Amino acid sequence: MDRLIDAIGLARGARDRLELDRLSAEIDALAADAVRYAREREPDPRTMSAVSIAIETARATLQDARRRTGSP
């Protein structure tokens, strides 16, 4: 989850499409890791809610950054 929080800050400071694409791929991989974790264990609902919020926030921040930089 810490890396997702870091990615949000990086997305806010991103300046070009390549950087945003790299962050997007990393966020997708982190989301997939969270799904695998949830399948293998029974995490508590608070943890999964926090991870979900972090993923949604990271993706929304990426979208904002894409609009700001004019990247598709």
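Residues numbered from 1 in each chain as written. Predicted model: local features only at pLDDT ≥ 70, side-chain atom pairs only at ≥ 80, totals over all residues. Heavy atoms only, no water.

1. As for the side chain of Thr61
Mapped onto the elements of the fold, Thr61 is located in helix H3 (residues 45–69). Classification of Thr61 by relative accessible area gives buried; the value is 9%. Leave out the neighbours within four places in its chain, and Thr61 touches Ile8, Ala11 and Arg12. (Helix = DSSP H or I, 4+ residues; strand = E, 2+ residues; numbered from the N terminus. Buried < 20%, exposed > 50% of the residue type's maximum accessible area, 1.4 Å probe, protein only. Contact = heavy atoms within 4.5 Å.)

2. A short note on the packing of helix H2 (residues 17–40) against H3
As a packed pair, H2 and H3 sit with axes 11 Å apart at the nearest point and diverge in direction by 165°. In terms of axis orientation, H2 runs roughly antiparallel to H3. Classified by chirality, the crossing of H3 by H2 is left-handed. Where H2 approaches H3, its residues Arg17, Leu20, Asp21, Leu23, Ser24, Ile27, Asp28, Ala31, Ala34 and Ala38 are matched on the opposing element by Met48, Val51, Ile55, Ala58, Arg59, Leu62, Ala65, Arg66 and Thr69. Split by residue class, the contact of H2 with H3 holds twelve nonpolar, two polar and five charged. (Axes fitted to C-alpha atoms, helices over the stretch in contact; angles between N-to-C directions. Parallel < 35°, antiparallel > 145°, perpendicular 65-115°, else oblique. Left-handed = near helix turned anticlockwise from the far one by under 90°. Nonpolar A, V, L, I, M, F, W, Y, C, P; charged D, E, K, R; others polar.)

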